[in-house]
Amino acid sequence: MSYLATELDPFIAKVQQHWAVPGIAVAVVRRDGPVLVRAYGVRSVTTSIRADADTAFAIGSCSKAFTSGLAAALVDAGAIGWDDPIRKYLPSFELYDAWVSDHVTLRDLLANRTGLSRASVGEYGSDLSRAQVLFNARYIRPAAEFRDQFTYSNIGYAAAAEVMAQSVGHQFDRVLDEYLLIPLGLRPSSTSHATDNMAAPHYQIEGKVQPVPPLPFDNLLGAIGQTMSAREAATWLAFHLAEGKPSGVELVSSQQLRETHLLQAAHRDQTFNDGYGLGWHVRNRRIQHEGSIRGFRANIWCDMAGGTAIFVATNLGSGFAHFAVTNQIIQLMRGEAVTDWITHFDEVARKELNDRVASFDEERRMEPVSTSSWSQDEFVGTYRHEGFGLLHVEPKDNHLWFRIDGLSGFDGPLMRFSSLGFEYQGDRDAMALPLIALAKPPQGERARIRFQAEGHMIKALAWDDWFGSARFVRN
């Protein structure tokens, strides 16, 4: 353990300083045992209490592997089958197409191959109840054909979790505890967010790292919701490397756990991974998943063939620290010359920003506000999208205000930069910060709203953000 720490500790210190990360949890495991299990920094910048190997960090979408792992255990128990129709357990569940609704299976949901778009009010950070999120799945339009390719969906995982709950007649968190967490020796989900040793979520606000309120997650249990310390991560990683038999004791059969590691849905571009398994991105015999939730980022990487697994989590909701540390560990464990990962990810961020600014600037040049025939008041109104519902564009001070029913975390100002183009300057990560009182001059680094005109009327708008693009039609 000491040899890796000797190499890694100075790098983590640089990472913390560069991205202003309060705390980092790290676990590195080989099949023959743990290599490194520790935490760095503090739980919260307001208390300066040191993080340790038992400090829990929220892991966002890395929770999906727990959901698929539970499914494997329930398949072993005979409670469910991978290819059971969802309507066997949720008779009223509907998707965008009647035939798909009849035929969609548990495997389809867990493999993210339903074709569901992420353009939905319930996908992340919404005000909806769990029942409303599942009911509204019928309004989400497909981004791809059913079973054709990987399309990521939190709502699909929430539905899968509900299937598992119904299969044994208990709430999902109780089923997860009984069939997976407690047998593994991990904290029950009912206490995972109630521990005294929990890292606080942080975000950079006006250039200063500050704690932010945790994100309520009950409506998306199964997609998000788990927390994990470095010590718990070591147990979780060992479970997967041993294919369900840590210390020789079978908790989940190798056959069913391997099913979660196998490619189930293809990535069309194959730029990073070949596709998705069940709760894991898959490339050859490597499985990986990142997670991002308000104030936290995490990454899990397992080389099943090589017998090495890594967990990195931070309590900062921005930057690339979790990826930089993961990549550094991979190279150190392989004995490779290490890349300057801080510079690498700075260049990635800089290129993305420059590309966006250039795109905004070109639109400014082609359609300047100064020669526009459209007054700002003409954009005010209510617009509808099937997945998102109603979007309101309202006047506020000298700018416009963006608001979607049921998605209060995304309220924010719009600042005009071209004749029909606006920057959406709301809180895209739903940190529930105080409402922004004053909009900032357009910088070309945020999301985009572009209004669409027909004749002498504004008829629609396109919102481009983390989910892709969504077109709203004016009511």
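Before any of the text, the structure's been laid out above.
(A) Structural view of the pairing of strand β1 (residues 23-30). Judged by how many residues are buried, β1 sits mostly within the fold: seven of eight residues are covered. With eight bridges connecting them, β1 and strand β2 (residues 33-41) associate as antiparallel partners. The residue bridging V26 from the neighbouring strand is R38, located in β2. A loop of two residues connects β1 with β2, the two strands running antiparallel in sequence. Bridging between β1 and strand β12 (residues 308-314) involves seven bridges; their strand directions are antiparallel. If you follow V29 over to β12, its bridge partner there is A309.

(B) Region of interest: the pattern of salt bridges. Inspection of the entire model under this criterion finds 28 salt bridges. For the salt bridge of K245 with E250, the shortest nitrogen-to-oxygen distance reads 3.8 Å. Here K245 falls in the partly exposed class, since its relative accessible area comes to 36%. One salt bridge connects D361 with R364, and the closest N-O pair in it is separated by 2.4 Å. Here D361 pairs with R364, and both are found in helix α12 (residues 341-366), just three residues apart, close to one helical turn.

(C) Structural view of the layout of surface pockets. Considered as a void within the structure, the second largest pocket measures approximately 210 Å³ in volume. Taken together, V121, L128, N136, Y139, R384, H385, E386, G387, F388, G389, D405 and G406 make up the full set of residues lining the second largest pocket. When grouped by side-chain class, the residues that make up the lining of the second largest pocket number four nonpolar, five polar and three charged.

(D) How the structure looks around the sheet that holds strand β8 (residues 275-276). Pairing in this open sheet of eight strands is antiparallel, and the strands run β2-β1-β12-β11-β10-β9-β8-β7 from one edge to the other. Each edge of the open sheet carries a strand with a single partner, namely β2 and β7 (265-266). Note: strand β11 (residues 296-303) against β12, seven bridges, orientation antiparallel. Its bridge partner being in β12, A298 is matched across the sheet by A313. Relative to the sheet, helix α9 (residues 230-241) contacts β1, β2, β11 and β12, its axis offset from that of β1 by approximately 30 degrees. In the packing of helix α11 (residues 321-334) onto the sheet, contacts are made with β1, β2, β10 (286-293), β11 and β12, and the angle to β12 comes to roughly 155 degrees.

About the thresholds
- Residues numbered from 1 in each chain as written.
- Predicted model: local features only at pLDDT ≥ 70, side-chain atom pairs only at ≥ 80, totals over all residues.
- Heavy atoms only, no water.
- Buried < 20%, exposed > 50% of the residue type's maximum accessible area, 1.4 Å probe, protein only.
- Helix = DSSP H or I, 4+ residues; strand = E, 2+ residues; numbered from the N terminus.
- Pairing = 2+ DSSP bridges.
- Salt bridge = Lys/Arg side-chain N within 4 Å of Asp/Glu carboxyl O.
- 1 Å grid on protein atoms, 1.4 Å probe; cavity = no way out; pocket = protein on both sides within 12 Å on 5 of 7 lines; lining within 4 Å.
- Points joined across faces, edges and corners; volume = space filled by probe spheres on them.
- Nonpolar A, V, L, I, M, F, W, Y, C, P; charged D, E, K, R; others polar.
- Contact = heavy atoms within 4.5 Å.
- Axes fitted to C-alpha atoms, helices over the stretch in contact; angles between N-to-C directions.

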